[in-house]
There are 2 protein chains.
Amino acid sequence: MKDILKNINKAFENKVRLGVMSALMVNEYVSFNELKELLNVTDGNLASHLKGLEKEEYIVVYKEFVDRKPNTKYAATSVGKEAFKKHIEALEKLIGGK
Amino acid sequence: MKDILKNINKAFENKVRLGVMSALMVNEYVSFNELKELLNVTDGNLASHLKGLEKEEYIVVYKEFVDRKPNTKYAATSVGKEAFKKHIEALEKLIGGK
DNA sequence: TTCATTTACTTTGTATTTCAAAGTGAATAA
DNA sequence: TTATTCACTTTGAAATACAAAGTAAATGAA
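Source: prediction; values computed, not measured.

Glancing now at the protein's contact with DNA strand C. Lys-63, Thr-72 and Tyr-74 of chain A together with Thr-42 and Arg-68 of chain B are the nearest of the 20 residues found near DNA strand C. Those atoms of DNA strand C that come within 4 Å of the protein belong to sugar or phosphate at a rate of 80%. Between DNA strand C and Lys-63 of chain A there is a distance of 2.8 Å, counted from a phosphate oxygen to a side-chain nitrogen or oxygen. A distance of 3.3 Å separates a phosphate oxygen of DNA strand C from a polar side-chain atom of Asn-14 of chain B. Counting only elements with at least two residues in the surface near DNA strand C, the list comes to α3 (32-39), α4 (43-55) and β3 (69-76) of chain A together with α4 (43-55) of chain B. Its residues assigned to classes, the surface near DNA strand C comprises 5 nonpolar, 9 polar and 6 charged.

Here it is as structure tokens:
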């Protein structure tokens with residue numbers, strides 16, 4: 001069990017970050033506003049979690065203008081996807097009894 | 001996704017509490033020392049997480065003497081088991097794409 | 001041109017959480 | 001009597017999470 005627990009990634013323990021990552025596993029790009037709506041969080045809160053994931057290089061940012069409005073979208077890096085998969089696998093093992 | 005996220009239980013977000021609960025899902029009783037060894041945590045840390053789970057009534061304590069030594073063991077309540085299952089289901093749904 | 005609005009933040013400050021380390025009381029062991 | 005073990009509790013520091021308010025850059029409306 002110790003070995004399983006050590007694959008539980010602190011960066012993904014939080015609900016918001018879990019939500020961000022799973023959104024980015026399913027959709028290649030998700031915008032700031034979509035995430036905000038999806039996760040029901042404030043701008044500041046979301047921004048800080050995104051920054052945390054960015055710092056770990058689990059996600060990357062793309063900034064552009066869409067319909068003449070600034071638009072920031074995020075994508076999971078391959079490192080991020082791998083790390084998230086490991087985390088999920090650890091959870092599954094833990095749950096699946098030992 | 002909002003509805004899934006709201007089933008993510010804050011009480012189980014932490015690694016130690018995740019470990020405690022999954023140990024108690026598989027084994028009816030687990031002692032303080034077994035948990036400590038299993039989870040690789042200090043007494044104080046473990047005690048505080050156990051107390052948190054106890055406060056939520058997700059686990060119960062049994063105190064007795066075994067081989068003339070004090071022994072404290074823990075078990076998940078049915079409420080705790082249900083809550084943990086819900087949490088796990090939410091995680092699975094989240095991961096299983098949306 | 002000026003003012004308002006939107007986006008995507010940053011900053012600030014507070015509250016909560018987490019954790020290790022040290023201390024404690026009750027019991028047994030030497 | 002002193003030491004040791006168990007299962008904590010207390011203390012305190014550090015990290016985390018969060019809302020609220022503030023901000024810059026761009027567009028839109030008057």
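Text resumes after the structure shown.
All names here are of chain A. Sheet topology places strand β2 (residues 59-66) next to β3; 8 bridges connect them, and they run antiparallel. Directly across from Lys-63, in β3, lies its bridge partner Thr-72. Connecting the antiparallel pair β2 and β3 is a turn made up of 2 residues, with Asp-67 showing a positive phi of about 55 degrees.

Now for the sheet that holds strand β2 (residues 59-66) of chain B. Residues and elements named next belong to chain B. In spatial order, the strands read β1-β3-β2; together these 3 strands make up an open sheet with antiparallel pairing. Unpaired on one side and paired on the other, β1 (30-31) and β2 mark the two borders of the sheet. With 2 bridges connecting them, β1 and strand β3 (residues 69-76) associate as antiparallel partners. The partner of Val-30 across the bridge, within β3, is Tyr-74. Along the sheet, helix α2 (residues 15-26) contacts β1, β2 and β3; its crossing angle with β3, the most-contacted strand, is approximately 85 degrees.

Reading guide: rules and limits
- Residues numbered from 1 in each chain as written.
- Chains lettered and ligands numbered in written order.
- Predicted model: local features only at pLDDT ≥ 70, side-chain atom pairs only at ≥ 80, totals over all residues.
- Heavy atoms only, no water.
- Near = heavy atom within 4 Å.
- Polar contact = N/O pair within 3.5 Å; in protein donor to acceptor, adjacent residues only side chain to side chain.
- Helix = DSSP H or I, 4+ residues; strand = E, 2+ residues; numbered from the N terminus.
- Nonpolar A, V, L, I, M, F, W, Y, C, P; charged D, E, K, R; others polar.
- Pairing = 2+ DSSP bridges.
- Contact = heavy atoms within 4.5 Å.
- Axes fitted to C-alpha atoms, helices over the stretch in contact; angles between N-to-C directions.

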